[in-house]
Amino acid sequence: MLENYTHIHEKDPDLVARLFGSTLQDCRDRQEYVSFIDVPDSYNGPRLQFPLTFIDIDLLVEAFRQQQVLHAHYVLEVLFETKRVLKQMPNFTHVKTSPSKEITICGDLHGKLDDLFLIFYKNGLPSRNNSYIFNGDFVDRGKHSIEILMILFVSFLVYPNDLHLNRGNHEDFMMNLRYGFTKEILHKYKMHGKKILEILEDLYSWLPIGTIIDNEILVIHGGISESTDLNLLHRIERNKMKSVLMPPIPLVEDHDTDLKKNKVGATLIPRELKTNGSPSEQLTKHEWEQVIDILWSDPRGKRGCYPNTSRGGGCYFGPDITSKVLNKYQLKMLIRSHECKPEGYEICHDGKVVTVFSASNYYEEGSNRGAYIKLCCDMTPRFFQYQVTRTTCSRPLYQRVNAIESSAIRILKERMISRKTDLIRAFQLQDRSKSGKLSMGQWAFSMENILGLNLPWRSLSSHLVTTDKNGNIDYMSSFQDIHIQKPVKEAQSTLIETLYRYRSDLQIIFNVIDSDHSGLISMEEFRAMWKLFNSHYNIHIDDFQVDELAERMDLNKDGSIDFNEFLKAFYVVHKLDKLNKSDGNPP
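Residues numbered from 1 in each chain as written. Predicted model: local features only at pLDDT ≥ 70, side-chain atom pairs only at ≥ 80, totals over all residues. Heavy atoms only, no water.

Some details on the overall build of the protein
- Looking only at helices and strands, the protein has 24 helices and 21 strands in total.
- Per-residue burial for the protein yields a buried fraction of 55% across its 587 residues.
- Across the protein, the fraction of contacts at a sequence separation of at least 24, relative to all contacts at a separation of at least 6, is 72%.
- With the model as given, the accessible surface of the protein reaches about 27500 Å², and the carbon-plus-sulfur share is 49%. (Helix = DSSP H or I, 4+ residues; strand = E, 2+ residues; numbered from the N terminus. Buried < 20%, exposed > 50% of the residue type's maximum accessible area, 1.4 Å probe, protein only. Contact = heavy atoms within 4.5 Å. Areas by Shrake-Rupley, 256 points an atom, 1.4 Å probe, with all protein chains shown as cover.)

Shown next, in the form of structure tokens:
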């Protein structure tokens, strides 16, 4: 691959000049450039609202399903904001799982939007309770790379602690020149495409280069080598790594600019050398090689570490190298992507290396499945396979995307039902005439005040409430098609709402108390768990209410509670779901 760029400097000298100069003007560039791009009234695509919320994720999915192109104004706004947040992140993101919180790892997508839709259908949209790691190579080869980037970046901005992005070898502007993404951008954004590419060039360099899960599992795009130094990789200035085709040039007295060959034969492009004594704008040769190895290397069955001749960068590493590096840093497993596998994943090196590849039909239709991995603390990885086909791309996929479209509204309705008592009280305070109706402004004010969400409530109202011909809202219609199933009829609604709202937190506390992992706790442990929860969250519900509920949940009166079943008893019922099931509609 790398040798394909040998003569790029001869073909496009202007590009080379741009590569080695200053590429962005930082924050003021955002203000000065984006503000001059108007979104015309005739534009009927999604209009993103900053700060972004999960509603914007849903808007993008709907727009891209209809093959709409996001306006350049919003693309640039998302890119600038993503870069701003990425600059605050470390080289490696450290994440934790828990008994109640899994994490999903996806491999290469390469511009295949249908695969991303299928993953979200099977596994759910990103959220605080549904974490993802996307392990690089989001772009190139497929036709919808910018759509994938926008969905991933917007999801990252909405859930920065729950969606994690690793850099792949194709998050490289010079790779994009050959493998299609540059052409895609210039075709879809004829007027502002060059600016989008310019910002992406810098944004790529700020993507984290890896993720470490529970201090045990290393997630990187490519692989390792015998010299991989994770301590050094944690410290390097990753933003200096603009492209694999731009290795550091030694500073020499005579400023010799003759082309030099790197260790695998790729021609290097000379930089303009600084003479003013300012800090170098490039990595050292050793640092550069460290990054190349983790982005480009592949595992092999043969022992040792030797040049990756098929790619022209990185190395092949054997099982002995895997054991050496994992043991050195007290890690148990390496999860990587970078290689297409017939089944979407592959396990090698005695179970210590796992490859996951998420672009199905990579070479041609039917050539391979896609896959993703789900991980929970102290548990074996679980693999989920899929394959986009003509059938899934037509009616069934349309139905699946519709399910994704409605998921944001479902999440919002569940947030509403968990605060039903507070919302009704707020509505009634506004409804001085006791008519059961509010103006749009009054309803929107109450929703924002109670839920604490700065959303476009007026435009969302058609999905949430019934409005009469005068534009007044029947505020009780907010809850007409949804309710929390009560496990005990006598339980008070405020208690049920609180338990539903904090069920994930209660699950974590329960797993701490349930030391033998039996799934059962005594009545005394249940009360202790509630007191711990109550003191931490300052939830004011009388203890006797919880005692009464716990006693009623002790169905066989043996003094123990199956808490997992107890939590599952509090679930949201969507009446529309029941109607769909009775009609025999597929999910």
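A closer look at the nonpolar core
- With 88 residues, the main nonpolar core has Leu-70, Phe-134, Met-150, Leu-412, Trp-443 and Trp-457 as its most contacted residues.
- Take this core: its biggest share by element is eleven residues, from helix H7 (residues 145–158). (Core = buried A, V, L, I, M, F, W, Y, C linked by side-chain atoms within 4.5 Å.)

A word on the packing of aromatic side chains
- Applying the stated criterion across every chain, the model contains ten aromatic pairs.
- Consider the rings of Tyr-372 and Phe-384, whose centres lie 5.3 Å apart with planes at 10°: the pair is stacked. One end of the pair, Tyr-372, is in strand E13 (residues 370–375); the other, Phe-384, is in strand E14 (residues 382–386), and twelve residues separate them in sequence.
- Aromatic rings pair up to connect Phe-120, Tyr-132 and Phe-134 into one cluster. (Phe/Tyr/Trp six-rings, centres within 6.5 Å; stacked < 30°, edge-to-face > 60°.)

Some details on the pattern of salt bridges
- Under the counting rule described, the total for this entry stands at 24 salt bridges.
- Taking the shortest distance from any N to any O, the salt bridge between Glu-339 and Arg-336 comes out at 2.7 Å. Neither residue differs from the other here; Glu-339 and Arg-336 are each classed as buried.
- Glu-343 is paired through a salt bridge with Arg-369; the nearest N and O atoms lie 3.7 Å apart. Here Glu-343 is found in the loop between strand E10 (333–336) and strand E11 (345–348), whereas its partner Arg-369 is found in the loop between strand E12 (353–356) and E13, with 26 residues between them in sequence.
- Salt bridges linked by common partners bring Asp-298, Arg-300, Arg-311, Arg-336, Glu-339, Lys-341 and Glu-346 together as one network. (Salt bridge = Lys/Arg side-chain N within 4 Å of Asp/Glu carboxyl O.)

Quick word on the sheet that holds strand E1 (residues 92–95)
- Spatially, the six strands line up as an open sheet ordered E1-E5-E6-E10-E12-E11, and their pairing is mixed. The sheet is open, and its two borders are formed by E1 and E11, each paired with just one other strand. Between one strand axis and the next, the sheet turns through 20° on average, direction left out of account.
- In the sheet, E10 pairs with E12 via three bridges, with the strands oriented parallel. By the bridge assignment, Leu-334 is partnered in E12 with Val-353. (Pairing = 2+ DSSP bridges. Axes fitted to C-alpha atoms, helices over the stretch in contact; angles between N-to-C directions.)

What to know about unusual backbone geometry
- Phe-50 connects to Pro-51 through a cis peptide bond whose omega is 0°.
- In this structure, Pro-51 sits in the loop between helix H3 (27–34) and helix H4 (54–65).
- Of note in the backbone geometry, Arg-141 takes a positive phi value of approximately 75° without being a glycine.
- With respect to the secondary-structure elements, Arg-141 resides in the loop between strand E3 (131–134) and H7.
- Its identity is not glycine, yet Lys-434 carries a phi of approximately 55°, on the positive side.
- Note on placement: Lys-434 falls in the loop between helix H16 (420–430) and strand E15 (437–438).

A look at the sheet that holds strand E4 (residues 163–165)
- Strand order across the open sheet formed by five strands is E4-E3-E2-E13-E14, with mixed pairing between neighbours. Only two strands of the sheet have a single partner each, and these edge strands are E4 and E14. Taken pair by pair, the neighbouring strands of this sheet meet at an average axis angle of 20°, ignoring direction.
- H7 rests against E3 and E4 of the sheet, and its axis sits at about 125° to E4.

Brief notes about the confidence of the model for the protein
- Overall, the predicted model of the protein reaches an average pLDDT of 79, with 70% of residues at or above 70.
- Within the model, the stretch residues 1–24 combines pLDDT values under 50 with 50 contacts to residues more than four positions away or in other chains.
- In this model residues 253–279 is a low-confidence stretch, pLDDT under 50, and it forms 40 contacts with partners more than four residues away in sequence or in other chains. (pLDDT = per-residue confidence, 0-100.)

As for the side chain of Asp-162
- Of note, Asp-162 is situated in the loop between H7 and E4.
- Asp-162 gets classed as buried once you look at its relative accessible area, which sits at 8%.
- Side chain to side chain, Asp-162 and Lys-101 meet in a polar contact 2.7 Å long. (Polar contact = N/O pair within 3.5 Å; in protein donor to acceptor, adjacent residues only side chain to side chain.)

Topic: the state of the cysteines
- Under the criterion given, the structure shown has zero disulfides.
- Just so you know, Cys-305 is unpaired, no disulfide at all, and the nearest cysteine sulfur is the one on Cys-315, 3.3 Å from it. (Disulfide = S-S within 2.5 Å.)

Points about the environment of Val-291
- Within the element layout of this structure, Val-291 appears in helix H12 (residues 285–296).
- Discounting chain neighbours no more than four positions away, the residues touching Val-291 are Leu-233, Ile-236, Met-241 and Leu-283.

Some thoughts on H16
- What H16 keeps buried is the set Leu-423, Ile-424, Ala-426 and Phe-427. Each buried residue of H16 sits inside an arc of 165° when the element is viewed along its axis, so together they form one side. (Arc of directions from axis to C-beta.)

Thoughts on the pairing of strand E2 (residues 103–106)
- The alternating pattern of E2 places Ile-103 and Ile-105 on one face and Thr-104 and Cys-106 on the opposite face, and all of these are buried.
- As paired elements, E2 and E3 share four bridges and run parallel to each other. Bridging across to E3, Ile-103 finds its partner in Ser-131.
- Taken together, E2, helix H6 (residues 113–123) and E3 constitute a β-α-β crossover, and its handedness is right-handed.
- Two strands pair when backbone bridges link them, and E2 and E13 are joined in this way by four bridges, in the antiparallel orientation. Pairing of Ile-103 across the sheet is with Leu-375, part of E13. (Right-handed = clockwise from strand over helix to strand, strands pointing away.)

Let's talk about the packing of H4 against H7
- In the contact formed by H4 and H7, the axes pass within 9 Å of each other and the chain directions differ by 170°. The orientation of H4 with respect to H7, classified from their angle, is roughly antiparallel. Here Phe-54, Asp-56, Ile-57, Leu-60, Val-61 and Phe-64 of H4 come into contact with H7, specifically with Glu-147, Met-150, Ile-151, Val-154, Ser-155 and Val-158.
- A breakdown of the residues in the contact of H4 with H7 according to their chemical character gives nine nonpolar, one polar and two charged. (Parallel < 35°, antiparallel > 145°, perpendicular 65-115°, else oblique. Nonpolar A, V, L, I, M, F, W, Y, C, P; charged D, E, K, R; others polar.)

A short note on the environment of Lys-240
- As for its position among the elements, Lys-240 is in the loop between helix H11 (230–235) and H12.
- Note on Lys-240: relative accessible area 16%, which makes it buried.
- For the pair Lys-240 and Thr-284, spaced 44 residues apart in the sequence, the C-alpha separation amounts to 9.8 Å.

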